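What follows is each chain in one-letter form.
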Protein chains: 2
Amino acid sequence: MAAPLPVSPLAPEAFPELPDIAGVRFATASAGVKYTDRTDVMLAELQPGTAIAGVFTRSKTRSAPVLDCQAKLGGDNSQGAAILVNSGNSNAFTGHYGQTSVEEITTAVAARVNVPVERVFTASTGVIGEPLPHERIIAQIDKLAAALEPGQVEAAAQAIMTTDTFAKGAGATLMVGGKEVRIAGIAKGSGMVAPDMATMLVYIFTDAVCEQSALQTLLSSLNDTSFNAITVDSDTSTSDSLLLCATGASGVDVAGNADFAAALNLVMLDLAHQVVRDGEGATKFVEIAVTGAVSDQEAKTHAMAIANSPLVKTAIAGEDPNWGRVVMAIGKSGAEADRDLLTISFGEVLVAEKGWVSSNYREELGVAEMKKSEITLSVDLGLGNGAATVWTCDLTHQYITINADYRS
Amino acid sequence: MAAPLPVSPLAPEAFPELPDIAGVRFATASAGVKYTDRTDVMLAELQPGTAIAGVFTRSKTRSAPVLDCQAKLGGDNSQGAAILVNSGNSNAFTGHYGQTSVEEITTAVAARVNVPVERVFTASTGVIGEPLPHERIIAQIDKLAAALEPGQVEAAAQAIMTTDTFAKGAGATLMVGGKEVRIAGIAKGSGMVAPDMATMLVYIFTDAVCEQSALQTLLSSLNDTSFNAITVDSDTSTSDSLLLCATGASGVDVAGNADFAAALNLVMLDLAHQVVRDGEGATKFVEIAVTGAVSDQEAKTHAMAIANSPLVKTAIAGEDPNWGRVVMAIGKSGAEADRDLLTISFGEVLVAEKGWVSSNYREELGVAEMKKSEITLSVDLGLGNGAATVWTCDLTHQYITINADYRS
């Protein structure tokens with residue numbers, strides 16, 4: 001794009017203080033893949049024994065790096081591992097050349113970081129369909145390997161940004177059996193963000209000990225209600241990847257530990273919400289909570305229909321408490337609904353009940369709620385016990401401006 | 001809205017000359033339901049024996065008038081019938097009061113036009129969730145009944161507009177067995193337009209003779225590839241209704257007649273395309289043709305995923321030949337696809353084949369195609385013989401402007 005985008009009004013005040021994770025080191029570089037005057041490659045080195053779990057886009061046109069990562073998950077982790085991510089080019093829909101680029105990069109990283117090529121995971125994010133100039137990335141690998149050090153997680157978060165207007169991080173420190181365990185994660189994503197897939201690019205590191213299959217089960221489970229419960233624009237990336245790396249450096253085994261799962265869940269939710277807060281053009285952060293559905297899955301179908309409706313999202317942008325569009329979205333979702341049992345609230349304001357506007361509702365109450373920058377929209381279907389919560393943002397002129405001009 | 005919207009740049013030059021249909025008379029009035037300084041109610045009177053077929057929104061929150069029409073289809077048509085449509089208020093999500101409004105209006109029309117209440121069909125279009133001031137409509141019925149006359153079809157099309165920027169009509173005259181048969185149709189719709197439902201508001205009249213169940217079968221079949229194959233914004237109205245009325249005045253029975261079906265199909269396609277051409281904020285009319293899918297249904301799933309993608313639609317608005325976003329939409333659609341078998345063309349320009357950009361493709365060719373106001377986007381999946389064509393428009397700033405300000 002010509003000019004840098006303004007930072008989202010929903011951005012956190014600052015990048016958080018994240019705990020250092022023993023067993024992982026980071027480096028970043030400027031390879032000039034597409035962007036100039038900024039870093040666009042990040043390398044993470046992981047110590048031998050690190051367990052890596054991952055979830056990825058379910059797109060049928062997913063990128064070469066995604067296919068390569070999926071094939072490598074769950075392999076022998078007795079040696080070290082590495083993650084290399086570039087921004088500016090997604091190496092997606094690049095035919096056999098895309099696979100060649102992945103092989104060239106992973107081979108170069110393996111040789112220089114001294115890990116097996118089967119333990120080098122890559123991701124690429126940016127424009128689709130243009131050949132990745134992988135030689136520019138490979139030219140930086142010596143420098144990256146030499147620069148690896150702990151505590152560079154914010155720089156790593158910056159290097160993987162595309163249309164993101166702020167770097168995204170979240171972390172936690174907890175005690176398990178009297179010993180400290182740390183979690184630190186970074187994420188990128190602001191457009192082409194929708195669920196029924198894994199997520200954007202997200203890397204979460206912990207010094208916990210966890211066997212790979214248990215780590216994978218935990219990650220997949222928590223993903224359903226965090227990254228798979230957000231949407232910016234209903235469009236699903238071909239590159240979305242989330243890796244969770246447990247270095248084991250703390251010596252604390254967290255398999256089956258509820259406190260660790262809860263802490264990890266909060267980190268994942270925090271990062272997922274930051275992606276929504278940086279949704280292209282977003283001015284409102286919107287939580288959509290659906291209850292009373294016939295199942296959790298049906299509740300999520302309704303919630304996503306509301307979250308993805310352009311008419312609901314433009315109404316929110318216009319600060320219009322237009323609950324009629326919420327009714328419309330429920331009606332079209334395909335999941336069970338009875339018009340005359342619906343209850344709809346905006347924040348604490350009861351807007352509609354029993355199939356019609358609530359007798360106590362006054363427009364100024366709804367308008368006041370819509371003027372907030374964080375809005376909760378609750379729908380009870382009155383049918384059963386199914387519930388789901390998803391998060392989205394509004395649809396504004398800035399989304400059009402970004403996406404009518406940007407080749408992504 | 002504050003100011004009238006500019007007429008869509010994709011609008012036809014003028015409302016077409018439509019043939020008069022013997023057996024139907026129209027009248028319009030200004031009831032002030034919501035709009036001022038324009039007509040907002042239209043009444044059509046149909047002669048005894050008129051067969052009426054209909055298709056309606058499949059929304060689970062559909063409006064009271066839709067439910068009432070659905071219950072009345074297929075009834076005894078030995079007496080006359082009437083259709084009353086208002087714009088400005090959709091009488092949707094108005095609880096039991098909504099049903100009361102329908103009853104009050106249909107009873108008043110039946111009494112004044114002298115038809116059974118079971119043969120009075122209504123539709124309401126406009127804002128959702130506000131009580132319909134039906135007394136304002138009823139106050140106009142004497143005047144409407146007195147004003148009924150043939151040939152007022154353009155006035156009828158104008159009275160049912162909401163955010164439409166032009167009145168929509170299409171017609172045909174054909175010879176069946178040496179005798180003339182006429183078709184004339186009108187439509188409204190520009191936002192909250194998406195398929196997997198019936199359509200916007202559409203009324204088609206013919207002087208053909210056709211038994212009701214045959215008429216219904218024909219209508220439902222043609223609807224799948226016309227009104228159910230267009231989308232403006234993926235949002236499904238709670239009020240969409242299409243009625244096809246065969247007065248029989250020509251004395252020509254068209255049951256099973258292929259020429260009549262073909263002529264009716266063209267009228268329906270023409271009206272459906274006009275709805276897309278008046279899509280809120282539209283500057284491009286886009287045909288999306290998918291071939292080589294495993295089935296026609298899967299082809300339509302892909303075509304609709306492309307047509308509904310905000311990123312594809314904003315790229316088209318920006319005249320960006322961004323075929324990467326087309327690949328993305330195919331990947332997320334849920335239907336079968338093999339990335340490395342895809343062929344994509346913009347107009348006559350082959351853009352991508354075998355999973356990558358075509359070796360002959362040059363960006364200036366794609367850009368030249370995207371600068372046109374009518375764009376055809378073709379995708380061959382290389383998997384089977386399934387095919388589908390759908391139509392949509394681009395997503396522009398004007399869509400946001402209209403929908404962030406307009407309570408619909």
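Residues numbered from 1 in each chain as written. Chains lettered and ligands numbered in written order. Predicted model: local features only at pLDDT ≥ 70, side-chain atom pairs only at ≥ 80, totals over all residues. Heavy atoms only, no water.

Chemist: Help me understand the environment of T389(B), please; the structure alone is not making it clear to me.
Modeler: All names here are of chain B. Along the chain, T389 falls in strand 15 (residues 386-393). Residues T389 and I141, spaced 248 residues apart in sequence, show a C-alpha to C-alpha distance of 42 Å. Setting aside its immediate chain neighbours within four residues, T389 contacts A229, E287, I288 and A289. (Helix = DSSP H or I, 4+ residues; strand = E, 2+ residues; numbered from the N terminus. Contact = heavy atoms within 4.5 Å.)

Chemist: For this particular structure, what's the right way to read the interface of chain B and chain A?
Modeler: Taken together, the 60 residues of chain B in the interface contact 60 residues of chain A. Summing both sides of the interface, chain B and chain A together bury roughly 5100 Å²; the carbon and sulfur share of this comes to 58%. When the buried area of chain B at its contact with chain A is split by residue, K60(B), F93(B) and R339(B) rank highest and sum to 17% of it. Taken together, chain B and chain A are joined by zero salt bridges. Linking chain B with chain A are seven residue pairs in polar contact (both at pLDDT 80 or more), by the criterion used here. Those elements giving two or more residues to the side of chain B that touches chain A turn out to be helix 1 (64-72), helix 2 (95-113), helix 9 (310-317), helix 10 (323-332), strand 13 (356-357) and helix 12 (397-405) of chain B. For the side of chain B that touches chain A, the leading source of residues is helix 10 of chain B, giving eight residues. Across the side of chain B that touches chain A, the residue classes tally to 26 nonpolar, 22 polar and twelve charged. (Buried area = accessible area lost by both parts, 1.4 Å probe. Salt bridge = Lys/Arg side-chain N within 4 Å of Asp/Glu carboxyl O. Polar contact = N/O pair within 3.5 Å; in protein donor to acceptor, adjacent residues only side chain to side chain. Nonpolar A, V, L, I, M, F, W, Y, C, P; charged D, E, K, R; others polar.)

Chemist: What's the story with the relation of the copies chain B and chain A in this structure? I'm lost.
Modeler: Applying a rotation about an axis and a shift along it to one chain copy brings it onto the other copy. Of the two same-sequence chains, chain B is brought onto chain A (RMSD 0.0 Å, axial shift 0.0 Å) by a rotation of 180 degrees. In the structure described here, the two chain copies are related by an operation that fits a two-fold rotation axis. Of every C-alpha in chain B, the one belonging to H397(B) sits nearest the axis of rotation, 2.8 Å from it. (Least-squares fit on C-alpha atoms with pLDDT ≥ 70 in both.)

Chemist: I keep staring at the packing of helix 8 (residues 296-308) of chain B against helix 10 of chain B and nothing clicks. Help me out?
Modeler: Residues and elements named next belong to chain B. Viewed as axis vectors pointing N to C, helix 8 and helix 10 meet at an angle of 130 degrees, and their least axial separation amounts to 8 Å. In terms of orientation, helix 8 and helix 10 fall into the oblique class. Note that helix 8 runs across helix 10; the crossing there is right-handed. Counting all contacts with helix 8, which are made through H302, A305 and I306, the residues of helix 10 involved are V326, A329, I330 and K332. (Axes fitted to C-alpha atoms, helices over the stretch in contact; angles between N-to-C directions. Parallel < 35°, antiparallel > 145°, perpendicular 65-115°, else oblique. Left-handed = near helix turned anticlockwise from the far one by under 90°.)

Chemist: What should I look at first to understand the packing of aromatic side chains in this one?
Modeler: Pairs of aromatic rings are described using the distance from one ring centre to the other and the angle between the two planes. Taken as a whole and judged by the stated rule, the model has six aromatic pairs over all chains. Relative to W356(B), the ring of Y97(A) lies with its centre 5.5 Å away and its plane at 10 degrees, an arrangement referred to as stacked. With Y97(A) in helix 2 (residues 95-113) and W356(B) in strand 13, the pair connects residues from two separate chains. Among the residues examined, W356(B) registers a relative accessible area of 24% and is labelled partly exposed. For the cation-ring pair, R277(A) lies above F285(A), with the distance from its terminal atom to the ring centre recorded as 4.3 Å. (Phe/Tyr/Trp six-rings, centres within 6.5 Å; stacked < 30°, edge-to-face > 60°. Buried < 20%, exposed > 50% of the residue type's maximum accessible area, 1.4 Å probe, protein only. Lys NZ or Arg CZ within 6 Å of the ring centre and 35° of its normal.)

Chemist: Which parts of the structure should I look at to understand the sheet that holds strand 14 (residues 374-380) of chain B?
Modeler: Hydrogen bonds between backbone groups are what pair the strands of a sheet, and the pairing can be parallel or antiparallel. Residues and elements named next belong to chain B. Reading across the sheet, the six strands line up as 13-12-11-14-10-15 and stay open at both edges, with mixed pairing between neighbours. Every other strand in the sheet has two partners, leaving strand 13 and strand 15 as the edge strands with one partner each. Bridge analysis of strand 11 (residues 343-346) against strand 14 gives four bridges, and the strand direction is antiparallel. Residue pairing in the sheet places I344 in a bridge with V379 of strand 14. Packed onto the sheet, helix 10 meets strand 11, strand 12 (349-353), strand 13 and strand 14 and runs at close to 135 degrees relative to strand 11. This element, helix 11 (residues 363-370), spans strand 11, strand 12 and strand 14 of the sheet and lies at about 120 degrees to strand 12. (Pairing = 2+ DSSP bridges.)

Chemist: How should the domain arrangement of chain A be read in this particular structure?
Modeler: Where interface size is given, it is often the accessible area lost as the parts come together that is meant. Residues and elements named next belong to chain A. Each assigned domain of chain A is listed with its residue range as follows: domain 1 (24-278) and domain 2 (285-405). Taking only C-alpha atoms into account, the centre of domain 1 sits 33 Å from that of domain 2. At the interface, 15 residues of domain 1 touch 14 residues of domain 2. Summing both partners gives a buried area of about 1200 Å² for domain 1 against domain 2, and 61% of it is carried by carbon and sulfur. (Domains from an automatic or database assignment.)

Chemist: Hey, could you run me through the pattern of salt bridges in this one?
Modeler: Pairing between side chains becomes possible if they bear opposite charge and their charged atoms approach one another. All names here are of chain A. Considering all chains together, one arrives at 24 salt bridges over all chains under this definition. Put simply, D68 and K72 hold a salt bridge, and the shortest N to O gap is 2.8 Å. Of the two residues, D68 and K72 are both situated in helix 1 (residues 64-72); the distance of four residues between them amounts to about one turn of the helix. Judged by relative accessible area, K72 falls into the buried class, the value being 13%. Connected through shared salt-bridge partners, D164, K168 and D278 make up one network.

Chemist: Just checking my understanding: could you explain the UniProt feature "binding site: substrate" (unreviewed entry) in chain A for this structure?
Modeler: Here, UniProt's "binding site: substrate" (unreviewed entry) annotation points to T162(A), K188(A), T199(A), E280(A), N403(A) and S408(A). Along the polypeptide, N403(A) turns up in helix 12 (residues 397-405). Once residues within four sequence positions are removed from consideration, N403(A) is found in contact with E280(A), L311(B), T314(B), A315(B) and R325(B). (UniProt positions renumbered as here; feature names shortened; annotations may be inferred.)

Chemist: Honestly, the nonpolar core in this entry has me stumped. Any pointers?
Modeler: Soluble globular proteins tend to pack their nonpolar side chains together in the buried interior. Formed by 162 residues in total, the largest nonpolar core has its most connected members in V379(A) and V379(B). Looking at which element gives the most residues to this core, the answer is helix 7 (residues 258-277) of chain B, with eleven residues. For V379(A), the residues in contact, after removing those within four places along its chain, are A289(A), V290(A), T291(A), I306(A), V326(A), I330(A), L342(A), T343(A) and I344(A). (Core = buried A, V, L, I, M, F, W, Y, C linked by side-chain atoms within 4.5 Å.)

Chemist: Which parts of the structure should I look at to understand the sheet that holds strand 6 (residues 168-176) of chain A?
Modeler: All names here are of chain A. The five strands are arranged 3-10-8-7-6 in an open sheet whose pairing can be described as mixed. Of all strands in the sheet, those with a lone pairing partner are strand 3 (51-56) and strand 6, marking the two edges. Averaged over all adjacent pairs, the angle separating strand axes in this sheet is 10 degrees, with direction ignored. As judged from the six bridges shared by strand 3 and strand 10 (residues 241-246), these two strands associate in the antiparallel manner. Counted as the bridge partner of V55 is L242 from strand 10. Its contacts with the sheet put helix 7 (residues 258-277) on strand 6, strand 7 (179-188), strand 8 (201-206) and strand 10, and the angle it makes with strand 6 is roughly 170 degrees.

Chemist: Could you clarify how one ought to interpret a nonpolar patch on the surface in this entry?
Modeler: A contiguous nonpolar patch, built from V294(A), L341(A) and L383(A) and spanning about 230 Å² of accessible area, is present on the exposed surface. Within the secondary structure, L341(A) is located in the loop between helix 10 (323-332) and strand 12 (343-346). (Patch = residues over 30% accessible without salt bridge, like charges linked within 9 Å, V, L, I, M, F, W, Y side chains within 5 Å. Areas by Shrake-Rupley, 256 points an atom, 1.4 Å probe, with all protein chains shown as cover.)

Chemist: Got a minute to help me understand the confidence of the model for chain A in this structure?
Modeler: Low pLDDT marks stretches whose predicted atomic positions should not be read closely. All names here are of chain A. Confidence in the prediction for chain A averages 88 pLDDT; 94% of positions are at 70 or higher. Under a pLDDT of 50 for its full length, residues 194-199 has, in the predicted model, 32 contacts with residues more than four places off or in other chains. Across the whole predicted complex the pTM is 0.81, and at the interface the ipTM reaches 0.75. (pLDDT = per-residue confidence, 0-100.)

Chemist: Got a minute to help me understand the pairing of strand 4 (residues 81-89) of chain B in this structure?
Modeler: Side-chain direction in a regular strand flips from residue to residue, so the side chains alternate between the two faces of the sheet. Residue and element names in this part refer to chain B. Burial analysis of strand 4 places nine of its nine residues in the buried class, which makes it a mostly covered element. One ladder, built from eight bridges, connects strand 4 with strand 5 (residues 120-127); its direction is parallel. Bridging from a neighbouring strand, N86 pairs with S124 of strand 5. Following the chain from strand 4 across helix 2 to the adjacent parallel strand 5, one finds a crossover that is right-handed. (Right-handed = clockwise from strand over helix to strand, strands pointing away.)

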